Amino acid sequence: MNTAQKKNRRQQILEALATMLEASPGARITTAALAKQVGVSEAALYRHFPSKSKMYEGLIEFIEQTLFSQINIIVSNESKAFDRCEKILYLLLAFCERNPGITRLLTGDALTGETERLRNRIGQLFDRLETELRQILRDAELRDGIKFSLSVNNTVALLLSAAEGRIAQFVRSEFKRSPTDQWPQMWPYLIAGLAEA
């Protein structure tokens, strides 16, 4: 199998895994079921990924690459701190809406019974997101003289917890409650009082 075919098969396996995560909320995905979905043997799966954990890691890498490449663009194009935060959190919510199966990884729902390393990897993804938001607000304090009502850490925790709550509702509703629904209308109320006038 040439390199292009191998890469295509890897992509096909990851897409099938994401589809199964979406189609079977709460169900554990077995390699036998995944192989059947892809139309290959289990042995063929293991030629492309040494373990099911590595398949999940492939999806996590996709999440990281997608989100953080777009976050870099947002930070480059937006100058105001709360506009940057709003766009970053909306990006996260919109990504989840477009990728419901993968969203189960972000909430940890699909990782029950999987290795601790995967849960830690998701934790690191959110830590990195939190660091991005914290840096935006710290820059706003230094550059623009903005005074926040709460500490920067608590302000970021509040903003991120609102987005994570929307994501959890989305998964809990079996992908019926859109995480982006009314978010732009809610945002001004969410940030009201976070910065001193």
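Residues numbered from 1 in each chain as written. Predicted model: local features only at pLDDT ≥ 70, side-chain atom pairs only at ≥ 80, totals over all residues. Heavy atoms only, no water.

1. Brief notes about the layout of surface pockets
Logical step 1: Put simply, the largest pocket is a space of about 360 Å³.
Logical step 2: Considering the residues around the largest pocket, the lining is formed by 17 residues, among which Gln11, Leu14, Gly58, Leu59 and Phe62 are closest to the centre.
Logical step 3: Elements represented by at least two residues in the lining of the largest pocket include exactly α1 (3–23) and α4 (52–77).
Logical step 4: Among the elements that make up the lining of the largest pocket, the one with the highest residue count is α4 (seven residues). (1 Å grid on protein atoms, 1.4 Å probe; cavity = no way out; pocket = protein on both sides within 12 Å on 5 of 7 lines; lining within 4 Å. Points joined across faces, edges and corners; volume = space filled by probe spheres on them. Helix = DSSP H or I, 4+ residues; strand = E, 2+ residues; numbered from the N terminus.)

2. Focus: the nonpolar core
The tendency in soluble globular proteins is for nonpolar side chains to be buried side by side.
Logical step 1: Of all hydrophobic cores here, the largest spans 57 residues; its most connected members are Leu34, Leu92 and Leu105.
Logical step 2: Listed by contribution, the elements that provide at least two residues to this core are α1, α2 (31–38), α4, α5 (81–98), α6 (100–107), α7 (116–144), α8 (152–172) and α9 (183–191).
Logical step 3: A total of ten residues in this core trace back to one element, the largest contributor, which is α5.
Logical step 4: Apart from residues no more than four positions distant in its own chain, Leu105 is found in contact with Leu21, Tyr56, Leu59, Ile60, Ala110, Leu111 and Ile122. (Core = buried A, V, L, I, M, F, W, Y, C linked by side-chain atoms within 4.5 Å. Buried < 20%, exposed > 50% of the residue type's maximum accessible area, 1.4 Å probe, protein only. Contact = heavy atoms within 4.5 Å.)

3. Focus: the pattern of salt bridges
Two side chains carrying opposite charge are able to pair once their charged atoms lie near each other.
Logical step 1: For the coordinates displayed, the defined rule picks out nine salt bridges.
Logical step 2: Lys87 is the salt-bridge partner of Glu78, the closest N and O atoms lying 3.7 Å from each other.
Logical step 3: In this structure, Arg143 engages Asp144 in a salt bridge whose closest nitrogen and oxygen atoms are separated by 3.3 Å.
Logical step 4: Through salt bridges with shared partners, a single ionic network connects Lys54, Glu57, Glu61, Glu64, Arg117 and Arg121. (Salt bridge = Lys/Arg side-chain N within 4 Å of Asp/Glu carboxyl O.)

4. Details of α2
Logical step 1: Those residues of α2 that fall on the buried side of the exposure criterion are Thr31, Leu34, Ala35 and Val38. Along the axis of α2, the buried positions cluster into a sector of 100°, meaning they face one direction only.
Logical step 2: Following α2 by one or two positions, Gly39 has its phi on the positive side, about 90°. (Arc of directions from axis to C-beta.)

5. Here we look at the packing of aromatic side chains
Logical step 1: Following the criterion strictly, the structure yields four aromatic pairs and no others.
Logical step 2: Ring geometry for Trp183 against Trp187: centres 6.0 Å apart, planes inclined by 45°, an arrangement best described as tilted. Taken as a pair, Trp183 and Trp187 lie in helix α9 at a separation of four residues, close to a single helical turn. You'll find Trp183 and Trp187 in the same group, each marked buried.
Logical step 3: Sitting over the face of the ring of Phe68, Arg128 holds its NZ or CZ atom 3.8 Å from the ring centroid. (Phe/Tyr/Trp six-rings, centres within 6.5 Å; stacked < 30°, edge-to-face > 60°. Lys NZ or Arg CZ within 6 Å of the ring centre and 35° of its normal.)

6. Overview of the packing of α5 against α6
Logical step 1: The contact between α5 and α6 brings their axes to 6 Å, and the two run at 125°. In this view, α5 runs oblique relative to α6, as classed from their interaxial angle. Residues Leu92, Phe95, Cys96, Glu97 and Arg98 of α5 form the contact with α6, whose own contacting residues are Pro100, Ile102, Thr103 and Leu106.
Logical step 2: Tallied by class, residues from the contact of α5 with α6 come to six nonpolar, one polar and two charged. (Axes fitted to C-alpha atoms, helices over the stretch in contact; angles between N-to-C directions. Parallel < 35°, antiparallel > 145°, perpendicular 65-115°, else oblique. Nonpolar A, V, L, I, M, F, W, Y, C, P; charged D, E, K, R; others polar.)

Fair warning: the whole summary comes from geometry, so function is off the table for now.
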